[in-house]
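The lines below spell out each chain.
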Amino acid sequence: MALRCVVSVLRFGTPRVAPLSTAPVAREQSAAGEQSAAGREATPGCRAAEGARPPLPVVDFGNTQEAYRSRRSWELARSLLVLRLCASPALLAHHEQLLHLTRRLLGQRLFDKLMKMTFYGQFVAGEDQESIRPLIQHNRAFGVGSILDYGVEEDLSPQEAEHKEMESCTSAVEREGSGRASDDGFSAIKLTALGRPQFLLQFSDVLTKWRRFFHQMAAEQGKAGLAAMDMKLEVAVLQESVAKMGIASRTEIESWFTAETLGVSGTLDLLDWSSLIDSRTELSKHLVVPNMQTGQLEPLLSQFTEEEELQMTRMLQRMDILAKKATEVGVRLMVDAEQTYFQPAISRLTLEMQRKFNIEKPLIFNTYQCYLKDAYDNVTLDVELARREGWCFGAKLVRGAYMAQERARAVEIGYEDPINPTYEATHAMYHRCLNYVLEELKHNAKAKVMVASHNEDTVRFTLRRMEELGLHPADRQVYFGQLLGMCDQISFPLGELSLPGEQGWGSLVLGLTASVCTGQAGFPVYKYVPYGPVMEVLPYLSRRALENSGVMKGAWRERQLLWQELKRRLRTGSLFHRPA
């Protein structure tokens, strides 16, 4: 069956390091959790006992002179103007029409110049890897690294995507020669550029239906509403329910749930359930789920064509090439999150690569969107899976950037809105997920996280929890990231000036490059730096503008600080400040 072909591709060369257990590790709030933590600290790869270390540096996000000393006054004025325009509801509502009209009136050449003086110049580094080099080196000199991304948000054919990947993967790295990135470098990739998005859509639908089936079975056993890791089904009751549905004979069903695959607890959790879809047994031919509307059993997987199976193979091959190139160049791969209708497949494929490459350290980082209602379940499940299977957990936490698109699609198709109802709910979700991951880092020195946030409260929360948990910047477990053109008052005070020639920058696929620095306060901090031709990155600029409108509180704070620094320079006669 097609599913077995897909799964065999997933599994080829990526054996599980350890069999699944059924008992999650207790958190440190309980006495049992403390004993478990102590046990883990004694194991290889966990943080050893250390002597007294200095406290975390105090970071002042309100010191505008220090925050903006890398910026000329005209750059501050441009930031003030662009962020103010991005905060205008009327302008945002009609920005696409206004851009189109402006281009018609000015012509392409003048339109490109206007964009480079304003929105494009604020959020995009340049048109190609050569033109962005001065900005990368400038930021690095002031303690901020770069994660480069070819910022084109249009559908590419597999042939175009493959050409772009190979071009960047070879020429950019070769041009740098000895300018290799250190082990703290990152490169970002979008999986929708590695194959046909339609396949990711279909595969996501499969995974979503299978997970929904589990929740339906959980509801029948009175487990609805529990957190994902607390939702455990009684295997005997589950077997009875499946048999009543007529999916398979009782003998066949009993062969699916064995001590070898599920342990001996007599219960099954969502991780165990997800592993069944990978089974090499006869289970694959029985993969059906009940249709919630008709009550009829339907095949879980639509019939995959040979071309779609080939797409899957090519996508995994490309991911494998990227991971090996990342190892060679000395950077980590950060897989970007995308729309929810792609994300289950993206996360699943990312997990397969983590199983294979995150053995000694986290080479592959998955991205978790905390504006989703199920973000905490996604994080806790993946942390537990990494524990059970013995690979290193790596994550980037973001709030999310597709809110309007997600909600419009939910209304159009008629499913539940996947986004948290309010900004405050998303804020709380982000902190909940972050706190869980930081607690994991305390007891697992090989786990790492990037806190990708423009919210000062979140960064302060991270610094406070790091101090409480004994996580030091020197451990290189917690990274910070912001977008180019936003929140310099957060990025630059976090770092520490790097020594000349100490660290370089390397390049990877899709023009994705990473430079590494530690900044003024000693924390590893990065700017996410897109680049590309003006017309090709306009969709990216549109999304940045819409996203900025959704974080009005932070944008207002940033505009206030920019204006404060401009007034200080006027007062002190340093309006023509030159960064040095």
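Coordinates for the structure precede this section.
What comes next concerns the included structure. Given the structure is predicted, the values throughout are model-derived calculations rather than measurements. (Residues numbered from 1 in each chain as written. Predicted model: local features only at pLDDT ≥ 70, side-chain atom pairs only at ≥ 80, totals over all residues. Heavy atoms only, no water.)

### Notes on unusual backbone geometry
Item 1. The phi dihedral of Arg 476 is positive, around 55°, even though this residue is not glycine.
Item 2. A residue is classified by how much of its surface remains accessible, and Arg 476, at 16% relative accessible area, is buried.
Item 3. Of note, Cys 487 is a non-glycine position whose phi angle comes to about 60°, a positive value.
Item 4. Structurally, Cys 487 is set in the loop between β11 (478-483) and α21 (488-494).
Item 5. Judged by relative accessible area, Cys 487 falls into the buried class, the value being 2%. (Buried < 20%, exposed > 50% of the residue type's maximum accessible area, 1.4 Å probe, protein only. Helix = DSSP H or I, 4+ residues; strand = E, 2+ residues; numbered from the N terminus.)

### Focus on the state of the cysteines
Two cysteines joined by a covalent bond between their sulfur atoms form a disulfide.
Item 1. Applying the stated criterion across every chain yields a total of zero disulfides.
Item 2. The thiol of Cys 370 is not disulfide-bonded; the next cysteine sulfur, from Cys 433, is found 4.1 Å away.
Item 3. By relative accessible area, Cys 370 is classed as buried at 0%.
Item 4. Residue classification places Cys 433 among the buried positions, given a relative accessible area of 0%. (Disulfide = S-S within 2.5 Å.)

### With respect to helix α17 (residues 375-389)
Two residues of an α-helix separated by three or four positions point the same way, owing to the 3.6 residues in each turn.
Item 1. If you check α17, its first and last C-alpha atoms are 21 Å apart, about what 15 residues at 1.5 Å a residue would give, namely 21 Å.
Item 2. A positive phi of about 85° marks Gly 390, the residue just after α17. (Expected span 1.5 Å × (residues − 1).)

### With respect to the nonpolar core
Item 1. Grouped together as the largest cluster of nonpolar side chains are 64 residues, with contacts concentrated most on Val 478, Phe 480, Leu 494 and Phe 523.
Item 2. Take this core: its biggest share by element is eight residues, from helix α19 (residues 423-443).
Item 3. Counting 33 residues, the second-largest nonpolar core is a separate cluster that includes Tyr 68, Leu 76, Phe 123 and Tyr 528. (Core = buried A, V, L, I, M, F, W, Y, C linked by side-chain atoms within 4.5 Å.)

### Overview of the packing of aromatic side chains
Item 1. A full pass over the atoms with the stated rule returns nine aromatic pairs.
Item 2. With a centroid separation of 5.1 Å and an interplanar angle of 85°, the aromatic rings of Phe 186 and Phe 365 are classed as edge-to-face. A residue pair is termed long-range when its members are at least 10 positions apart, and Phe 186 in strand β2 (residues 185-189) and Phe 365 in strand β8 (residues 364-369) qualify at 179 residues.
Item 3. For Phe 365, a relative accessible area of 0% translates into the label buried.
Item 4. Between Phe 186 and Tyr 526, the aromatic rings sit 5.3 Å apart at their centres with planes inclined by 85°, giving edge-to-face as the arrangement. Taken together, the residues span a long stretch of sequence, with Phe 186 in strand β2 and Tyr 526 in strand β14 (residues 525-531) at a distance of 340 residues. Considered together, Phe 186 and Tyr 526 belong to a single accessibility category, that of buried residues.
Item 5. Here the aromatic cluster, defined as three or more aromatic residues joined through ring pairs, consists of Phe 186, Phe 365, Tyr 479 and Tyr 526. (Phe/Tyr/Trp six-rings, centres within 6.5 Å; stacked < 30°, edge-to-face > 60°.)

### Some points on a nonpolar patch on the surface
Item 1. Taken together, Leu 101, Leu 105, Leu 106, Leu 110 and Leu 114 make up a surface patch of nonpolar side chains, about 450 Å² in accessible area.
Item 2. On the secondary structure map, Leu 114 appears in helix α6 (residues 95-117). (Patch = residues over 30% accessible without salt bridge, like charges linked within 9 Å, V, L, I, M, F, W, Y side chains within 5 Å. Areas by Shrake-Rupley, 256 points an atom, 1.4 Å probe, with all protein chains shown as cover. Salt bridge = Lys/Arg side-chain N within 4 Å of Asp/Glu carboxyl O.)

### Regarding the environment of Arg 103
Item 1. Among the secondary structure elements, Arg 103 is positioned in helix α6.
Item 2. By relative accessible area, Arg 103 is classed as partly exposed at 30%.
Item 3. A C-alpha to C-alpha distance of 10.0 Å links Arg 103 and Met 115, two positions twelve residues apart in sequence.
Item 4. Contacts of Arg 103, omitting those with residues within four sequence positions, involve Gln 108, Phe 111 and Met 535. (Contact = heavy atoms within 4.5 Å.)

### Points about the pattern of salt bridges
Item 1. Applying the stated criterion to the full structure yields 29 salt bridges.
Item 2. Notably, a salt bridge pairs Glu 352 with Arg 355, separated by 2.7 Å at the nearest N-O pair. Linking Glu 352 with Arg 355, this pair stays in helix α16 (residues 343-357), spanning three residues, or about one helical turn. A single burial state applies to Glu 352 and to Arg 355, both of which are buried.

### A few points about the packing of helix α10 (residues 197-220) against α16
Item 1. The contact between α10 and α16 brings their axes to 7 Å, and the two run at 85°. Between α10 and α16, the interaxial angle falls into the category roughly perpendicular. Across the interface between the two elements, Leu 200, Phe 203, Ser 204, Leu 207 and Thr 208 of α10 pack against Gln 343, Pro 344, Ala 345, Ile 346, Arg 348 and Leu 349 of α16.
Item 2. Across the contact of α10 with α16, the residue classes tally to seven nonpolar, three polar and one charged. (Axes fitted to C-alpha atoms, helices over the stretch in contact; angles between N-to-C directions. Parallel < 35°, antiparallel > 145°, perpendicular 65-115°, else oblique. Nonpolar A, V, L, I, M, F, W, Y, C, P; charged D, E, K, R; others polar.)

### A word on the side chain of Thr 350
Item 1. Position of Thr 350 among the secondary structure elements: in helix α16.
Item 2. Under the relative-accessibility criterion, Thr 350 is labelled buried at 0%.
Item 3. Those residues in contact with Thr 350 that lie beyond four places of it in its chain are Leu 191, Met 319, Val 335, Ile 364, Phe 365 and Asn 366.

### Examining the environment of Ala 447
Item 1. Relative to the elements of secondary structure, Ala 447 occurs in the loop between α19 and β10 (448-452).
Item 2. In this structure the C-alpha to C-alpha distance between Ala 447 and Trp 391, which are 56 residues apart in sequence, comes to 9.2 Å.

### Re the packing of α17 against α19
Item 1. At a minimum axis separation of 9 Å, α17 and α19 run at an interaxial angle of 15°. Comparing the axis directions of α17 and α19 gives the class roughly parallel. Read as a crossing pair, α17 and α19 show a hand that is right-handed. Contacts between α17 and α19 involve Ala 375, Tyr 376, Val 379, Thr 380, Val 383 and Arg 387 on the former and, on the latter, Met 429, Arg 432, Cys 433, Tyr 436, Val 437 and Glu 440.
Item 2. Its residues assigned to classes, the contact of α17 with α19 shows eight nonpolar, one polar and three charged. (Left-handed = near helix turned anticlockwise from the far one by under 90°.)

### Description of helix α8 (residues 133-141)
Item 1. Inspection of α8 places Arg 133, Ile 136, Asn 139 and Arg 140 among the buried residues, and these make up the whole buried set. Seen from one end, α8 has its buried residues packed into an arc of 135°, which puts them on one side.
Item 2. Backbone geometry just downstream of α8 places Gly 143 in the positive-phi region, at approximately 90°. (Arc of directions from axis to C-beta.)

Remember that the coordinates give geometry; whether it matters functionally is a separate question.
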